[in-house]
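Spelled out, the chains give:
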Amino acid sequence: MTQSETTDNLKLYDREFNSRLLVGTALYPSPLIMAQAIKASGSEMITLSLRRQDPENNQGQTIWQHIQQSDCSLLPNTAGCHSAQEAITLAQMSREMFNTDFIKLEVIGDDYNLQPDPFETVKAAEILIKKGFKVLPYCTDDLVLCQRLLDAGCQVLMPWGSPIGTGKGLMNPYNLQTIRDRFTATSLIIDAGIGKPSQAMAAMEMGFDGILLNTAIAKAHNPIQMAQAFAQAVNGGRQAYLAGLMESRQTASPSTPTLGTPFWQQQ
Amino acid sequence: MIISININGISHDLEEGSTLSQALDILNINTINNPNSDVKDKLKFTDFVIALNQVFIPRSQYPQTRLHNNDTVELLSPMAGG
């Protein structure tokens, strides 16, 4: 392994991770399969949430026990919040429950496509950063919104590929590439909408620093095998980005040397 | 006097002046005051966190936090998430 490979870690605030794949803990067929899929993914940071406990369904406690047994860092989310105040309260509750300053800030602005509310997200980010949180905001691929989140103090951005759970991949590659090109020093993670390993790989080839996904693994016929597939895709995409992709061309260009072509004289 | 508070969407009657700790005791939830309670199958103190009227209340403040009529308590525990 070369020096560059050993130091190519994902940087999230003051932490570094070998794996560039972050996975969610929801929607798996069982808590055991969740735990096995997380292990197969190689992920070192996993998302989770806080909810009212359902006395009729103790699965939350079972999932929590599996998560506690893993070596992964925790990234609690504020899923379901529709205002900055709700998200701030839930972030504070998460910090006490999970003993981490990391928070995946998620403030939904539209219930139909689960599009984040840019105004409330920025407002919440400003306050949470001042309270000492390490905010990873789930946001759209809007360049100005990303700039505002950076102005608020976010050191990581998580633009969507496409709406949560759709599996539609990178809906707007132009916007995503623009964000990547403009914020070269910021850790950028594609969060949401990734349905296939090829889509994750495409994002990594563009230079994104990591991928956060849940449904594509959890809802696969074999979540453990799919977790492995995503791990390989993310790694492959990263290696391709570091290696440097060739420029695409409009016209064909022979790869085999034309000098010395046989049968030249026969035509 | 009896006050009514809402915990996770369910209404409960309490004595006026009750603290958050006392409310949790009544609901058979371990608190900082009785971590060695012998009641089985109830939430452990470290298994939940609380917001009162949408404001986070740290565990250390449960004994001092007094409840008022129509207060809303959210008692949340770890759950899967994406």
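Residues numbered from 1 in each chain as written. Chains lettered and ligands numbered in written order. Predicted model: local features only at pLDDT ≥ 70, side-chain atom pairs only at ≥ 80, totals over all residues. Heavy atoms only, no water.

Some thoughts on the overall build of chain A
Inference 1: A tally of regular secondary structure across chain A gives ten helices and twelve strands.
Inference 2: With respect to the principal axes defined by its C-alpha atoms, chain A has extents near 85 × 40 × 40 Å.
Inference 3: Within the structure as shown, chain A displays about 13,400 Å² of accessible surface, and the carbon and sulfur contribution to it stands at 50%.
Inference 4: Charge-centre separation for chain A: the mean point of 20 positive side chains lies 1 Å from the mean point of 25 negative side chains. (Helix = DSSP H or I, 4+ residues; strand = E, 2+ residues; numbered from the N terminus. Areas by Shrake-Rupley, 256 points an atom, 1.4 Å probe, with all protein chains shown as cover. Lys, Arg positive; Asp, Glu negative; His and termini not counted. Charge placed at Lys NZ, Arg CZ, Asp CG, Glu CD.)

Digging into the interface of chain B and chain A
Inference 1: On the chain A side, the residues contacting the 25 residues of chain B number 26 residues.
Inference 2: Contact between chain B and chain A buries roughly 2,200 Å² in total, counting both sides, with carbon and sulfur atoms accounting for 58%.
Inference 3: Broken down residue by residue, the surface that chain B buries against chain A is led by Pro78, Met79 and Gly82 of chain B, which jointly contribute 29%.
Inference 4: Where chain B meets chain A, there are two salt bridges.
Inference 5: For the salt bridge of Arg52 of chain A with Glu74 of chain B, the shortest nitrogen-to-oxygen distance reads 2.6 Å.
Inference 6: Taken together, the connections running from chain B to chain A amount to eleven residue pairs in polar contact (both at pLDDT 80 or more).
Inference 7: Elements represented by at least two residues in the side of chain B that touches chain A include exactly β3 (49-52), β4 (55-57) and β5 (72-80) of chain B.
Inference 8: Pairing of strand β4 (residues 45-52) of chain A with β5 of chain B involves five bridges; the strand directions are antiparallel. Following the sheet pairing, Arg52 of chain A is matched in β5 of chain B by Leu76 of chain B. (Contact = heavy atoms within 4.5 Å. Buried area = accessible area lost by both parts, 1.4 Å probe. Salt bridge = Lys/Arg side-chain N within 4 Å of Asp/Glu carboxyl O. Polar contact = N/O pair within 3.5 Å; in protein donor to acceptor, adjacent residues only side chain to side chain. Pairing = 2+ DSSP bridges.)

So, the packing of aromatic side chains
Residue and element names in this part refer to chain A.
Inference 1: Evaluated as defined, the whole model comprises three aromatic pairs over all chains.
Inference 2: Aromatic side chains Tyr13 and Phe102 sit 6.0 Å apart centroid to centroid with 85 degrees between the ring planes, which places their arrangement in the edge-to-face category. Of this pair, Tyr13 sits in the loop between β1 (10-12) and β2 (15-17) while Phe102 sits in strand β6 (residues 102-105); the two residues are 89 residues apart in sequence, bridging distant segments of the chain. Just as Tyr13 is buried, Phe102 falls in that class too.
Inference 3: Ring geometry for Trp64 and Phe98: centres 5.2 Å apart, planes at 70 degrees, overall edge-to-face. Taken together, the residues Trp64 in helix α3 (residues 59-69) and Phe98 in helix α4 (residues 84-98) connect sequence positions 34 residues apart. Residue Trp64 shares its accessibility class with Phe98, and that shared class is buried.
Inference 4: One cation-aromatic arrangement involves Lys104 over Tyr138; the distance from NZ or CZ to the ring centre is 5.8 Å. (Phe/Tyr/Trp six-rings, centres within 6.5 Å; stacked < 30°, edge-to-face > 60°. Buried < 20%, exposed > 50% of the residue type's maximum accessible area, 1.4 Å probe, protein only. Lys NZ or Arg CZ within 6 Å of the ring centre and 35° of its normal.)

Looking at the side chain of Ser49 of chain A
Inference 1: Within the secondary structure, Ser49 of chain A sits in strand β4.
Inference 2: For Ser49 of chain A, a relative accessible area of 3% translates into the label buried.
Inference 3: A polar contact of 2.8 Å, which involves the side chain of Ser49 of chain A, links it to the backbone oxygen of Ala80 of chain B.
Inference 4: Discounting chain neighbours no more than four positions away, the residues touching Ser49 of chain A are Asn77 and Phe98 of chain A together with Ser77, Pro78, Met79, Ala80 and Gly81 of chain B.

Details of the packing of helix α8 (residues 197-205) of chain A against helix α10 (residues 223-243) of chain A
Residues and elements named next belong to chain A.
Inference 1: Contact geometry of α8 with α10 gives a least axis separation of 7 Å together with a crossing angle of 25 degrees. In terms of axis orientation, α8 runs roughly parallel to α10. The two elements α8 and α10 meet at a crossing, and its hand is right-handed. Side by side, α8 and α10 meet where Pro197, Ala200, Met201, Met204 and Glu205 of the first sit next to Met226, Ala229, Phe230, Ala233, Val234, Gly236, Gly237, Arg238, Ala240 and Tyr241 of the second.
Inference 2: Tallied by class, residues from the contact of α8 with α10 come to eleven nonpolar, two polar and two charged. (Axes fitted to C-alpha atoms, helices over the stretch in contact; angles between N-to-C directions. Parallel < 35°, antiparallel > 145°, perpendicular 65-115°, else oblique. Left-handed = near helix turned anticlockwise from the far one by under 90°. Nonpolar A, V, L, I, M, F, W, Y, C, P; charged D, E, K, R; others polar.)

A look at unusual backbone geometry
Among all residues save glycine, negative phi is the norm, and among peptide bonds the norm is trans.
Inference 1: Positive phi values are uncommon outside glycine, yet Ala192 of chain A reaches one of about 90 degrees.
Inference 2: Along the chain, the position of Ala192 of chain A falls in the loop between β11 (187-191) and α8.
Inference 3: Accessibility expressed as a relative area gives 9% for Ala192 of chain A, which makes it buried.
Inference 4: For Asn8 of chain B, which is not glycine, the phi torsion reads 50 degrees and is therefore positive.
Inference 5: Mapped onto the fold, Asn8 of chain B is located in the loop between β1 (2-7) and β2 (10-15).

With respect to the nonpolar core
Within soluble globular proteins, side chains that are nonpolar tend to cluster in buried spots.
Inference 1: Counting 79 residues, the largest nonpolar core has Leu12, Val135 and Ile211 of chain A as its most contacted members.
Inference 2: Residue contributions to this core peak at eight residues, all from α4 of chain A.
Inference 3: With near-sequence residues (within four places) excluded, Val135 of chain A lies in contact with Tyr13, Ile103, Leu105, Ala125, Leu128, Ile129, Cys154 and Val156 of chain A.
Inference 4: One finds Phe48, Ile50, Ile57 and Val73 of chain B within the second-largest nonpolar core, a separate group that totals 15 residues. (Core = buried A, V, L, I, M, F, W, Y, C linked by side-chain atoms within 4.5 Å.)

All quantities given are derived from atomic positions and should not be read as evidence of function.
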